[in-house]
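Coordinate analysis (summary)
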Amino acid sequence: KQMHSKNAIPRPEFSLCFSRSNDATRDGTGAGAMTLGGVDPRLHMTPMVFAKNVKGSGFYAVHLKAMYLREGGGLSAQTISSDLDKYHKLDLSESQLNSGNVIVDSGTTDTYVNRAWAGPFKKEWKKLTGTDYNHNPRAITAEEVAALPTIIMVIQVDDGNVGDEPDGDPNDIANYAGNTELSSNPKDIVIAIPAMHYMEFDSDSNKYVPRFYTEESSGSVLGANAMMGHDVYFDVAK
């Protein structure tokens, strides 16, 4: 906001594209990119899609339609009808999912969700992995991490005219729900959070620690590890 008011950037917009390296060096660690004044399409492998910001000021908040655990892991948010049997929906209403707001906050390293999510999340996790979900360090391999469930969130699409929405069949656009059971609106947005993003490697113990927390008393925070692997564009002007 300050840079825009001083005409240092053309528009009151910014974008964040986080990555993660398990190795830290004296020369630095590749952490991703921040773009001030807009978004850099050179970072994009698929078209940009737009979620609705449901708060008029302060934190940026989204509205969740549903949440799933996808069996077998995987990085992509592309929804393919033949794979829908791998999607396991959490038994949570929209009011439970959005209780106290769901904010997108890069200043929070990990992701913290309302404790109403805890029971359904842990139930599906146990069903898919055979283990209890907790935050104890785990001595597992990178291959085993990659096979853990991918967290899938379905987010309400912006219903305005942003101007840069992708054209074409929603079934062919990676972050749209398409004509699937994931959402009644084929343009609702699907975000994939693979285990390699919510499982943090501890180089001191050579173990992985789960960083998706289900203990918040009010509200939920999609932190940097939920944003990781996506270019998240905060289009403040629109």
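In short, a report on the structure. (Residues numbered from 1 in each chain as written. Predicted model: local features only at pLDDT ≥ 70, side-chain atom pairs only at ≥ 80, totals over all residues. Heavy atoms only, no water.)

Bringing the sheet that holds strand S8 (residues 150-155) into the picture now. Judged by pairing direction, the sheet is antiparallel, and its four strands sit side by side in the order S5-S4-S8-S9 without closing on themselves. On the outer flanks of this sheet lie strand S5 (87-89) and strand S9 (189-193), each paired with one strand and no other. On average, each strand axis in the sheet is tilted by 30° relative to the strand beside it, whichever way the strands run. Both strand S4 (residues 64-70) and S5 contribute to a ladder of three bridges, which runs antiparallel. Bridging from a neighbouring strand, Leu69 pairs with His88 of S5. Packing against the sheet, helix H3 (residues 118-129) makes contact with S4, S5 and S8, and its axis sits at approximately 25° to S4. (Pairing = 2+ DSSP bridges. Helix = DSSP H or I, 4+ residues; strand = E, 2+ residues; numbered from the N terminus. Axes fitted to C-alpha atoms, helices over the stretch in contact; angles between N-to-C directions. Contact = heavy atoms within 4.5 Å.)

You can see Asp132 is positioned in the loop between H3 and helix H4 (142-146). The spacing of Asp132 and Ala224 is 92 residues in sequence and 24 Å in space, taken between C-alpha atoms. With near-sequence residues (within four places) excluded, Asp132 lies in contact with Trp125, Lys126 and Arg138. Only 3.1 Å separates the side chain of Asp132 from the side chain of Lys126, close enough to count as a polar contact. (Polar contact = N/O pair within 3.5 Å; in protein donor to acceptor, adjacent residues only side chain to side chain.)

On to the sheet that holds strand S14 (residues 231-235), then. Strand order across the open sheet formed by three strands is S2-S1-S14, with antiparallel pairing between neighbours. A strand with exactly one partner marks an edge of an open sheet, and here the two such strands are strand S2 (32-36) and S14. Within the sheet, the average angular offset between the axes of one strand and its neighbour, ignoring direction, is 10°. The sheet contact formed by strand S1 (residues 13-18) and S14 spans five bridges and is antiparallel. Pairing of Leu16 across the sheet is with Val232, part of S14.

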